[in-house]
Amino acid sequence: MSSLQRTMLKGKLPPTIPSGRIGRADSFKKSRIRDYKPGMWNEFFAEKEDVTVDEQRTFRVYRTKKPEKPGPVLLLLHGGGYSALTWAHFCSEVTSMIHCQCLCIDLRGHGDSKVDDEDDLSADTISKDIGDLILKLYPEEVPQLFLVGHSMGGAIAVHFASMSLVPNLIGITVIDVVEGTAMEALASMQSFLRSRPKYFQSIPNAIEWCIRSGQVRNVDSAKVSMPGQIINCTTNQLATNDLPLPDDVLEEAHHNSMFPNPFSISEDEEVSPPGDGEEGSAEGLAAGTDFKKPVTTKEATEAARNYTWRIDLSKSEKYWVGWFSGLSDKFLNLRLPKQLLLASIDGLDRTLTVGQMQGRFQMQVLARCGHAVHEDRPHEVAEVISGYLIRNRFAEAASEFRSHMPSC
């Protein structure tokens, strides 16, 4: 089994609270509310804007404030199912280290972006969306753009750069996506998607699931990014439009947890036996790996129909091969400075291994994190990218930041 498959399916229990709080009703209640209270976009970005490219396409973008000194624009592309808010903590970190501005986009079919044909998620279509949006945002002169993409967004970033749709691209960083491991992981992707809950009772419950399932290991990041991945079943609007939540909703979320024990997951109930229930095949897959599916009560599962996923990723299957096929060669052939960040050294395929030995790109491995590397360890990812930009003289340090030499 590939590293990407293990990373995609791997779960990790969140840290337990200090023992002094257990058994005390008041402190228990407060800790739950504090732990899973959703975060707001304006804690990390200076502005958000809905940019209309044409009658068929309007894209939500988030921007940090302009730097005090001239610097590049980091164009950040999220992975499949995520939204621009996945970059929130990374943006705060990187703008404190170097003079730059971050531009985060909700890709078509994701977040608060609205297009006529949301099901068309081909690499060519998404790349054209990005190119048209950039030219709309900067009609007179496109600033220096440095691409950063995670997972599907990393594949799209490579595809976008290879099409030369906009001028002034100065470099690219791809985070935890490699053609070989990605293609291997596609065989189990549908099973993984079926193993996720279809509905959530509340936004805090969704954040709790995000942490307990191991999708994101940094609770502070999950509190900002998870609301950008789900919609209100009644209004059909993104969950971020329901924020901030009133205290009574947070209180109710505490009392209606989908999890029998909010601080632990029973080991003998983590995964149902293969063939048990309509999703047995998906859970059977999880049983053979490190993935831990959080236990939910039957009553809570049936009642949890207030929020659901913004995008049904299973319907995008016909585009998966197009995202990743030929990705390694395309990446190596880009006439740009290139950087690859991985969660595991085992993630390299043969093509990239040879390219790395030839010095055709810089590689950095960040351990002790899951597939959402930039969410799990935003400070470290920001350090690596900032150092790369400084060494290539694309940006200046904004503080006492010290650039570290790359290592594997």
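Residues numbered from 1 in each chain as written. Predicted model: local features only at pLDDT ≥ 70, side-chain atom pairs only at ≥ 80, totals over all residues. Heavy atoms only, no water.

## Focus: unusual backbone geometry
So the rule is basically this: Helix and strand definitions follow DSSP, with helices as H or I runs of at least four residues and strands as E runs of at least two, each counted in order from the N terminus. Between buried and exposed lies partly exposed: a residue is buried under 20% and exposed over 50% of the maximum accessible area for its type, with that area taken using a 1.4 Å probe on protein chains only.
Cis rather than trans, the peptide bond between Leu-243 and Pro-244 has omega equal to 0 degrees. Of note, Pro-244 is situated in the loop between β9 (230-232) and α9 (247-255). In this structure, Ser-151 takes a positive phi of about 55 degrees despite not being glycine. In this fold, Ser-151 is placed in the loop between β6 (145-150) and α5 (152-163). Look at Ser-151 and you get buried, because its relative accessible area is 15%. The phi angle at Asn-236 is positive, at roughly 65 degrees, despite the residue not being glycine. Using a relative accessible area of 55% as the deciding quantity, one classes Asn-236 as exposed.

## Overview of the packing of aromatic side chains
Using the following cut-off: Ring geometry is summarised as follows: Phe, Tyr and Trp rings, the Trp one being its six-membered ring, pair when their centres sit within 6.5 Å, and such pairs are stacked at plane angles under 30 degrees, edge-to-face over 60 and tilted between the two. When the NZ atom of lysine or the CZ atom of arginine is within 6 Å of a ring's centre and also within 35 degrees of its normal, the charge is said to sit over that ring.
Throughout the structure, instances matching the rule amount to 9 aromatic pairs. Aromatic pair Phe-45 and Tyr-62: ring centres 5.3 Å apart, planes at 40 degrees, arrangement tilted. Here the residue Phe-45 occupies a position in the loop between α2 (25-36) and β1 (47-54), and Tyr-62 occupies one in strand β2 (residues 57-63), the gap between them amounting to 17 residues. Accessibility assignment for this pair places Phe-45 and Tyr-62 in one class, buried. Members of the aromatic cluster, connected to one another through ring pairs, are Trp-41, Phe-45 and Tyr-62. In this arrangement the basic side chain of Arg-196 is found over the ring face of Trp-309, its NZ or CZ atom lying 3.9 Å from the centre.

## Things to note about the confidence of the model for the chain
Selection criterion: Think of pLDDT as the predictor's per-residue confidence, scored from 0 to 100. We call two residues in contact whenever any of their non-hydrogen atoms come within 4.5 Å of each other.
The share of residues in the chain with pLDDT of 70 or more is 78%, and the mean pLDDT across the chain is 84. Confidence drops under a pLDDT of 50 for residues 11-34, and excluding neighbours within four residues, the segment shows 37 contacts in the predicted structure. This stretch, residues 262-292, has a pLDDT under 50; its non-local contacts, to residues over four places away or in other chains, come to 57 contacts.

## Considerations on the pairing of strand β12 (residues 362-365)
Going by this rule: Two strands qualify as a pair provided that DSSP identifies no fewer than 2 bridges between them.
Judged by which residues are buried, β12 turns out to be covered on both faces: Gln-362 and Gln-364 on one side and Met-363 and Val-365 on the other are all buried. Note: strand β11 (residues 338-342) against β12, 4 bridges, orientation parallel. From the neighbouring strand, Leu-341 faces β12, where its bridge partner is Gln-364.

## A closer look at the packing of helix α3 (residues 88-97) against helix α16 (residues 378-391)
We apply this condition: Here, axes are lines fitted to C-alpha atoms. For helices the fit covers the stretch in contact, and angles between N-to-C directions go from 0 to 180 degrees. By definition in this entry, angles of less than 35 degrees are roughly parallel, angles greater than 145 are roughly antiparallel, angles of 65 to 115 are roughly perpendicular, and the rest are oblique. What makes a crossing left-handed is the near helix being turned counterclockwise from the far one by less than a right angle; a clockwise turn instead makes it right-handed. Basically, the charged four are Asp, Glu, Lys and Arg, the nonpolar ten are Ala, Val, Leu, Ile, Met, Phe, Trp, Tyr, Cys and Pro, and anything else, Gly included, counts as polar.
Viewed as axis vectors pointing N to C, α3 and α16 meet at an angle of 45 degrees, and their least axial separation amounts to 8 Å. Comparing their axes, α16 and α3 come out oblique. Crossing angle aside, the handedness with which α3 passes α16 is right-handed. Facing His-89, Phe-90, Glu-93, Val-94 and Met-97 of α3, the residues of α16 in contact are Pro-378, His-379, Val-381, Ala-382, Glu-383, Ile-385 and Ser-386. Here the contact of α3 with α16 is built from residues that sort into 7 nonpolar, 3 polar and 2 charged.

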